[in-house]
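Observations on the three-dimensional arrangement
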Amino acid sequence: MGSVVSKFGWAAFAIFGAFCLGTVALHRGETINATWLVAASIATFVIGYRFYSRFIAERVLQLDTTRATPAHLRNDGLDYVPTDKWVLYGHHFAAIAGAGPLVGPVLAAQMGYLPGTLWILVGVVFAGAVQDFMILGLSIRRDGKSLGDMVRMEMGSAAGVVAMIGVLTIMMIILAVLALVVVKALTHSPWGTFTVAMTIPIALLMGSYLRWVRPGKVLEVSLIGFVLLMLSVWIGGKVAVDPSWAPLFDYDGKSLAWMLIAYGFCASVLPVWFLLAPRDYLSTFLKIGTILLLAAAIFLAAPMLQMPAITRFIDGSGPVFAGNLFPFLFITIACGAVSGWHSLISSGTTPKMLANEREARMIGYGGMLMEAFVAIMALVAAGILQPGVYFAMNSPAAAIGGTVQEAAATISQWGFVVTPDMLMQTAHDIGETTILHRAGGAPTLAVGMAQLLHGILPGEGMMAFWYHYAILFEALFILTTVDAGTRVGRFMIQELAGLAYPPLKKTESWSANLIATVVCVAAWGYFLYQGVVDPFGGINTLWPLFGIANQMLAAIALTLCCVIVVKLKRERYLWVPAVPALWLVVCTLTAGWQKLFHDDAKISFLANARKFAAAIAEGKVLAPAKSLEEMQRIITNNYVDATLTALFMLLVAATAVFGVRTILAARRTAQPTAHEEPYVAMATVQS
Amino acid sequence: MNLDSARTLLRRHLREAWRRAVQTGRLIVGVPDYDTYVEHMRRAHPERAVMSYEAFFAERLEARYRGGGGRCC
């Protein structure tokens, strides 16, 4: 009886979900309420979780509630601790959610809200959450080992080195592109720059307080930090209008880039308790709080989507990023649909704290669904803006011109009616002088959030406060990623360099540390600076590189899942990781190929380099370059980016070859060959 | 059930919920539960010295930024 009721209940729920999704997909012409989109997403997540994740748990991973997890087997009260599943869910989500799901969907909104929504929903259910869940499930059977170690163990040491290089390069690109997002948001914005700059003294104060006044009182000090932070957002507004103070915080992109590079270096060599850790506390709590705030605002405001479902830019001619829907939509939205980076978290701290194998489903699969929800909210925030305002903010000067008049004329010509007054009024509302060319997601999301929150809590000048609050929130956690990432990158460089020259591996040696830090900062700093001086706006060039890199890592992780499924002799379920793995390999290789060999100079690095080289040969200066020297720099940057793209393609191809080779070898043996730890009954270790 | 016992029950639930919220808050910045650690040391390694909360906090702080996974984009 109960099961009949439950079947009817689920069928009714599925019909409701399909109805919402149908409304979102088929609605044309008039604007549609964002609630439809949110409801369709939640229905998809619930159904995916209830049926598909259960199938994976029972059939593919064969999770066993009686089997002891590493947290019980190696319990040390520190790294390995059996943890309550809700507490661990919070930890896991905080570790996987970052700027990625906020930026990608905003950029992808240029094609309309529908393509991005569909890819996030299908991608997360069949690829992203599957990857996070499976890697977590495999890691708990291997003592909580990391992705790199598992690849080495199951696919051989050469494949392990490939994965290590992959992780390091993606790290450098992530740091560069995220730092670029901050630069784009702070360029000539004294208010934003002041608030973000104030986070440094606030963090130092918090660090000292934690060290000397009240050691270990994290929550207390974070609360103090939060109050100071809000105070600095408010003071920032006064600074921005003060003629003697404002110029002190008014910088162009190049100066901001150099400041970030210097800051990244300092933050990663200073003791962690002094600067890095306190900022981390602030940014982590602010991130979670703001995501909840955004969700509440969308539910309460139930805004209308102004962006059409599909725009003309699905043909690849869009100003925000170039290239066709396939493969570039699937590269642009990485985090939110599928993010290779998560495989590092799922095989990092989380597997060491899982109290029972069964809970991997909620943490791994469920955690990723929550991230997809964040991506949907970002898409909503971009979609509720007037499309004209959206394109003015996200298009480079090369596409729409440098003044509001030029921008409004160009964008109106595209079919998105907007007037110069509207653009100036929006800038004025948010307390800035201009909103043009602020690509990178953060400012667009901030304007969307400011409009939402202002709709709920109106008040004179509050819109500007919310805008700068949103900018601060993104800048703060991006900068924390930059600090922490530089440190982690330094360790990775030392490990890789140690393979060639062992003394470099010593993490206690000051000179080895400094060399590795300089190499790390120089690597991401180069791409950051290149992005800042790039006349096409930088994000245009760097974001696809980041997307390709992130999907490449996901392809590596899913290939590992395929290999292990075969080694366990569960070939009939091979399609579960193999379909998304294949899709990602096809997407990354196609996107990589087009980035190298497409005829269109807007898409291909090499074609663009050739175009500028030909112009130099004729002695002509091509816009947007202003001198032959700038032309030369564009050519060099294009060749560097092309080389990197080729490297990513090589890594994907190499992993695929290693994977197929290992799978064929495993099929020749009759016995399971996976390196699982032996079964230990939970009952024998639990006390 | 009378009103008094209902009130105590509610209070107990609220206290438990708050305890978990604080635990989550600490863990997301890399500080696991100290009481669990102490209890584990007493039970499993009674011969070893137990770190004070300050020492435990400092040790976890170093461990969080030692490398490994890092965090997401």
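A word on the overall build of chain A. Per the secondary structure count, chain A includes 27 helices and two strands. Taking 2.2 N^0.38 as the reference for a compact globule, 687 residues should give roughly 26 Å; the C-alpha atoms of chain A span a radius of gyration of 25 Å, in line with that estimate. Judged by the C-alpha coordinates and their principal axes, chain A covers about 70 × 65 × 65 Å. Buried positions account for 60% of the 687 residues belonging to chain A. Across chain A, every contact between residues at least 6 apart in sequence was considered, and the portion connecting residues at least 24 apart equals 82%. Within the structure as shown, chain A displays about 25100 Å² of accessible surface, and the carbon and sulfur contribution to it stands at 67%. In chain A, which carries 43 positive and 38 negative side-chain charges, the distance between the mean positions of the two groups comes to 9 Å.

Further remarks concern the pattern of salt bridges. Residues and elements named next belong to chain A. The full count for this structure, using the stated rule, is 23 salt bridges over all chains. Across the pair glutamate 357 and arginine 141 runs a salt bridge whose closest N-O atoms are separated by 2.7 Å. Of this pair, glutamate 357 sits in the loop between α14 (342–346) and α15 (360–383) while arginine 141 is found in the loop between α6 (113–140) and α7 (147–155), placing the two residues 216 residues apart along the sequence. Accessibility expressed as a relative area gives 6% for arginine 141, which makes it buried. The closest approach of N and O atoms between arginine 667 and glutamate 571, which form a salt bridge, is 3.8 Å. On the criterion of sequence distance, the pair formed by arginine 667 in helix α26 (residues 628–668) and glutamate 571 in the loop between α23 (539–567) and α24 (575–597) is long-range, its members being 96 residues apart. With relative accessibility at 27%, the residue glutamate 571 sits in the partly exposed group. Put simply, Arg67, Arg141, Glu357 and Glu676 are held in one network by salt bridges that share partners.

Taken over all residues, the pLDDT of chain A has a mean of 92, while the share at 70 or more is 100%. When mean pLDDT is taken per element in chain A, α6 of chain A scores highest with 97 and helix α17 (residues 397–400) of chain A scores lowest with 86.

Here we come to the interface of chain B and chain A. Contact residues are listed per partner, giving 33 residues for chain B and 52 residues for chain A. Interface area for chain B against chain A, summed over the two sides, is near 3400 Å², with a carbon-plus-sulfur share of 67%. The tally of links between chain B and chain A comes to three salt bridges. A salt bridge links aspartate 84 of chain A to arginine 20 of chain B, with the shortest nitrogen-to-oxygen separation between them at 3.5 Å. Scanning the region where chain B abuts chain A turns up nine residue pairs in polar contact (both at pLDDT 80 or more). At the level of secondary structure, the elements contributing two or more residues to the side of chain B that touches chain A comprise α1 (3–28), α2 (34–44) and α3 (53–64) of chain B. Ranked by residues supplied to the side of chain B that touches chain A, first place goes to α3 of chain B with nine residues.

Moving on to the packing of aromatic side chains. All names here are of chain A. Taken as a whole, this structure holds 39 aromatic pairs over all chains when the rule is applied. Between the aromatic rings of tyrosine 52 and phenylalanine 55, the centroid separation amounts to 6.2 Å while the plane-to-plane angle is 10°, which identifies the pairing as stacked. Residue tyrosine 52 and its partner phenylalanine 55 are both found in helix α2 (residues 34–60); the two are separated by three residues, about one turn of the helix. The class of tyrosine 52 is buried, set by a relative accessible area of 11%. Look at phenylalanine 313 and phenylalanine 391: their rings are 5.3 Å apart centre to centre, the planes differ by 65°, and that puts the pair in the edge-to-face class. Here the residue phenylalanine 313 occupies a position in the loop between β2 (304–305) and α13 (325–332), and phenylalanine 391 occupies one in helix α16 (residues 387–394), the gap between them amounting to 78 residues.

This paragraph deals with the environment of phenylalanine 648 of chain A. Residues and elements named next belong to chain A. Here phenylalanine 648 is to be found in helix α26. On a C-alpha basis, the gap between phenylalanine 648 and leucine 545 in space is 9.0 Å, while along the polypeptide they are 103 residues apart. Apart from the residues lying within four places of it in its own chain, the contact partners of phenylalanine 648 are Thr169, Ile173, Leu545, Ile548, Ala549 and Met552.

With that settled, consider the packing of helix α12 (residues 276–301) of chain A against helix α21 (residues 462–500) of chain A. Residue and element names in this part refer to chain A. Interaxial distance between α12 and α21 falls to 9 Å at its minimum, and their mutual angle equals 135°. With respect to α21, the element α12 is oriented oblique. Two packed elements cross with a definite hand, and for α12 against α21 that hand is left-handed. On α21, the residues touching Leu276, Arg279, Asp280, Leu282, Ser283, Leu286, Lys287, Thr290 and Leu293 of α12 are Trp466, Tyr469, Phe473, Leu476, Phe477, Leu479, Thr480, Asp483, Ala484 and Arg487. Residues that form the contact of α12 with α21 fall into these classes: eleven nonpolar, three polar and five charged.

Moving on, we come to the environment of proline 624 of chain A. Residue and element names in this part refer to chain A. Along the polypeptide, proline 624 turns up in the loop between α25 (605–617) and α26. On the basis of relative accessibility, which here comes to 24%, the residue proline 624 falls in the partly exposed class. Taking the C-alpha atoms as reference points, proline 624 and asparagine 33, separated by 591 residues in sequence, lie 40 Å from one another. Not counting chain neighbours up to four residues away, the residues in contact with proline 624 comprise Ala398, Pro535, Phe536 and Glu630.

Before going further, it helps to spend a moment on the nonpolar core. Ranked by size, the top nonpolar core spans 242 residues in total, and within it Ile56, Met134, Tyr365, Phe391, Leu423, Trp524 and Leu528 of chain A carry the most contacts. In terms of nonpolar packing, the next biggest core, distinct from the first, is built from seven residues, Ala609, Phe612, Ala615 and Met631 of chain A among them.

A few words on a nonpolar patch on the surface. Residue and element names in this part refer to chain A. Together, Phe326, Leu582, Trp583 and Val586 line one region of the surface with nonpolar side chains, adding up to about 350 Å² of accessible area. For phenylalanine 326, the location among the structural elements is in helix α13. Taking the relative accessible area as the measure of exposure, phenylalanine 326 reaches 33% and is therefore partly exposed.

The rules behind these values
Residues numbered from 1 in each chain as written. Chains lettered and ligands numbered in written order. Predicted model: local features only at pLDDT ≥ 70, side-chain atom pairs only at ≥ 80, totals over all residues. Heavy atoms only, no water. Helix = DSSP H or I, 4+ residues; strand = E, 2+ residues; numbered from the N terminus. Rg over C-alpha atoms; globule rule 2.2 N^0.38 Å. Buried < 20%, exposed > 50% of the residue type's maximum accessible area, 1.4 Å probe, protein only. Contact = heavy atoms within 4.5 Å. Areas by Shrake-Rupley, 256 points an atom, 1.4 Å probe, with all protein chains shown as cover. Lys, Arg positive; Asp, Glu negative; His and termini not counted. Charge placed at Lys NZ, Arg CZ, Asp CG, Glu CD. Salt bridge = Lys/Arg side-chain N within 4 Å of Asp/Glu carboxyl O. pLDDT = per-residue confidence, 0-100. Buried area = accessible area lost by both parts, 1.4 Å probe. Polar contact = N/O pair within 3.5 Å; in protein donor to acceptor, adjacent residues only side chain to side chain. Phe/Tyr/Trp six-rings, centres within 6.5 Å; stacked < 30°, edge-to-face > 60°. Axes fitted to C-alpha atoms, helices over the stretch in contact; angles between N-to-C directions. Parallel < 35°, antiparallel > 145°, perpendicular 65-115°, else oblique. Left-handed = near helix turned anticlockwise from the far one by under 90°. Nonpolar A, V, L, I, M, F, W, Y, C, P; charged D, E, K, R; others polar. Core = buried A, V, L, I, M, F, W, Y, C linked by side-chain atoms within 4.5 Å. Patch = residues over 30% accessible without salt bridge, like charges linked within 9 Å, V, L, I, M, F, W, Y side chains within 5 Å.

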